[in-house]
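# Structural characterization, general
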Amino acid sequence: MKVILLAGGFGTRLSEYTDVVPKPMVPIGGRPIMWHIMRTYAAYGHKDFYLALGYKAEVIKEYFLHYRSLNSDFSVNLATGEIAPHQIDAVDWNVTLVNTGLNSMTGGRVKRMEKFIAGETFMLTYGDGVANVDLEALLAFHRSHGKMVTVTAVHPAARFGELLIEQDRVSNFHEKPQMGQGWVNGGYFVIEPEFFDLIGGDNVTLEREPLELAAERGELMAYKHHEFWQCMDTKRDKDMLEELWLSGNAPWEI
């Protein structure tokens, strides 16, 4: 199944790093956080990635263009230019990189990927949050209810968009509320192609009109994830994820 990753935002709350690289390229254990997310999807057999780029798109394009050399050991004969690999970080992912505009909002970025999806059910997540979501169970849940959108609901701090859930159906979608029942938008969506019709253009925020409208229509369902999920919004988040990775017990590692 095709997987869209939102990778175009400015990442202003992590400016210690994002002045140099886009947020999805901020490293955890020497690898971009986006690589960790993609590795989770690939572990479940979802290896066809579509990256919605914007801010510093060229950095992400360069990384994947030179992925084999950046992640391998090799010798170079400077006289002939011949390269002899010694170790190759072999991945069988297909990665499509699409510049979705510098100032597009999240919904606008998704809309611009419509032509690559070709009327198929697809997965979507943010390029800055790692989790140990069971993607097989998530997909089975989505197929079981027959609705337009499934969002993975998680239980982190209260600064994220909150979901009001009634028997797994999302009855309200609120961006960054002050209080409520505690479930929030964790990304890791499964979406039917009809969702594109709810997005007007580049200035549409995914977490506002489209998802709010899907909820009002009874077309937004929540897959409740009770285990690990963490986004990387601040340096504190980044440092915590780094410590988990270096411990050898990163919860998102499959």
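Scroll up for the structure.
This section reports on the structure supplied with the text.

So, how was this worked out
- Residues numbered from 1 in each chain as written.
- Predicted model: local features only at pLDDT ≥ 70, side-chain atom pairs only at ≥ 80, totals over all residues.
- Heavy atoms only, no water.
- Helix = DSSP H or I, 4+ residues; strand = E, 2+ residues; numbered from the N terminus.
- Rg over C-alpha atoms; globule rule 2.2 N^0.38 Å.
- Buried < 20%, exposed > 50% of the residue type's maximum accessible area, 1.4 Å probe, protein only.
- Contact = heavy atoms within 4.5 Å.
- Areas by Shrake-Rupley, 256 points an atom, 1.4 Å probe, with all protein chains shown as cover.
- Lys, Arg positive; Asp, Glu negative; His and termini not counted.
- Charge placed at Lys NZ, Arg CZ, Asp CG, Glu CD.
- Core = buried A, V, L, I, M, F, W, Y, C linked by side-chain atoms within 4.5 Å.
- Phe/Tyr/Trp six-rings, centres within 6.5 Å; stacked < 30°, edge-to-face > 60°.
- Lys NZ or Arg CZ within 6 Å of the ring centre and 35° of its normal.
- Salt bridge = Lys/Arg side-chain N within 4 Å of Asp/Glu carboxyl O.
- Patch = residues over 30% accessible without salt bridge, like charges linked within 9 Å, V, L, I, M, F, W, Y side chains within 5 Å.
- Pairing = 2+ DSSP bridges.
- Expected span 1.5 Å × (residues − 1).
- Arc of directions from axis to C-beta.

A tally of helices and strands in the protein chain yields 9 helices and 16 strands. Relative to its length of 254 residues, the protein chain is compact, with a C-alpha radius of gyration of 19 Å against a globular reference of 18 Å. Along the longest, intermediate and shortest principal axes, the C-alpha atoms of the protein chain span 65 × 40 × 35 Å. Looking at the protein chain as a whole, 51% of its 254 residues qualify as buried. Contacts in the protein chain between residues far apart in sequence, at least 24 positions, make up 73% of those at least 6 positions apart. Of the roughly 11,900 Å² of accessible surface on the protein chain, a fraction of 49% belongs to carbon and sulfur atoms. Distance from the positive charge centre (24 side chains) to the negative charge centre (34 side chains) of the protein chain: 2 Å.

Attention now moves to the side chain of Lys 238. Mapped onto the elements of the fold, Lys 238 is located in helix α9 (residues 235–246). The class for Lys 238 is buried, based on a relative accessible area of 9%. In this structure Lys 238 touches Tyr 17, Val 26, Pro 27, Ile 28 and Met 232, once residues within four positions along its chain are discounted.

In this section: the nonpolar core. Ranked by size, the top nonpolar core spans 44 residues in total, and within it Met 34 and Tyr 188 carry the most contacts. Contributing elements (two or more residues each) for this core: β1 (2–7), α2 (33–43), β4 (48–53), α3 (57–65), β9 (129–131), α7 (135–145), β15 (220–224) and β16 (229–231). Top element by residues in this core is α2. It accounts for 7 residues.

Counting across every chain of the model gives 13 aromatic pairs. Note on Tyr 126 and Phe 189: the rings are 6.2 Å apart at their centroids and 70 degrees apart in plane angle, and the pair reads as edge-to-face. Taken together, the residues Tyr 126 in strand β8 (residues 122–126) and Phe 189 in strand β14 (residues 189–191) connect sequence positions 63 residues apart. Residue Phe 189 is classed as buried on the basis of its relative accessible area of 2%. Among the aromatic residues, those joined into a ring-pair cluster are Tyr 41, Phe 49, Trp 93 and Tyr 188. Residue placement shows Arg 31 over the ring face of Trp 35; its charged tip is 4.4 Å from the ring centre.

Let us now look at the pattern of salt bridges. Where charged atoms of side chains with opposite charge meet at close range, the side chains can pair. Under the defined criterion, the tally for this structure stands at 10 salt bridges. One salt bridge connects Lys 111 with Glu 114, and the closest N-O pair in it is separated by 3.3 Å. Judged by relative accessible area, Lys 111 falls into the partly exposed class, the value being 25%. On the basis of relative accessible area, Glu 114 is assigned to the partly exposed category, the value being 30%.

Let us look at a nonpolar patch on the surface. A cluster of nonpolar side chains, contributed by Phe 74, Val 76, Leu 78 and Ile 83, occupies part of the molecular surface with about 430 Å² of accessible area. In this structure Val 76 comes out as partly exposed when scored by relative accessible area, which is 43%.

Turning next to the pairing of β15. β15 sits mainly inside the fold: 4 of its 5 residues count as buried. Sheet topology note: the strand β10 (residues 149–154)/β15 ladder contains 5 bridges and is parallel. Its bridge partner being in β15, Val 151 is matched across the sheet by Ala 222.

This part takes up α9. Each α-helix turn comprises 3.6 residues. Residues three or four places apart therefore point the same way. In a regular helix each residue adds 1.5 Å, so 12 residues correspond to 16 Å; α9 covers 16 Å between its end C-alpha atoms and thus fits that length. Those residues of α9 that fall on the buried side of the exposure criterion are Asp 237, Lys 238, Leu 241 and Glu 242. Buried residues in α9, looked at end-on, bunch into an arc of 135 degrees, giving them a common side. Facing away from the buried surface of α9 by more than 90 degrees, the exposed residues are Arg 236, Glu 243 and Leu 246. Close packing links the buried residues of α9 with α1 (15–18), β2 (27–28), α2, β9 and β16.

Read these as geometric descriptors, not functional statements.
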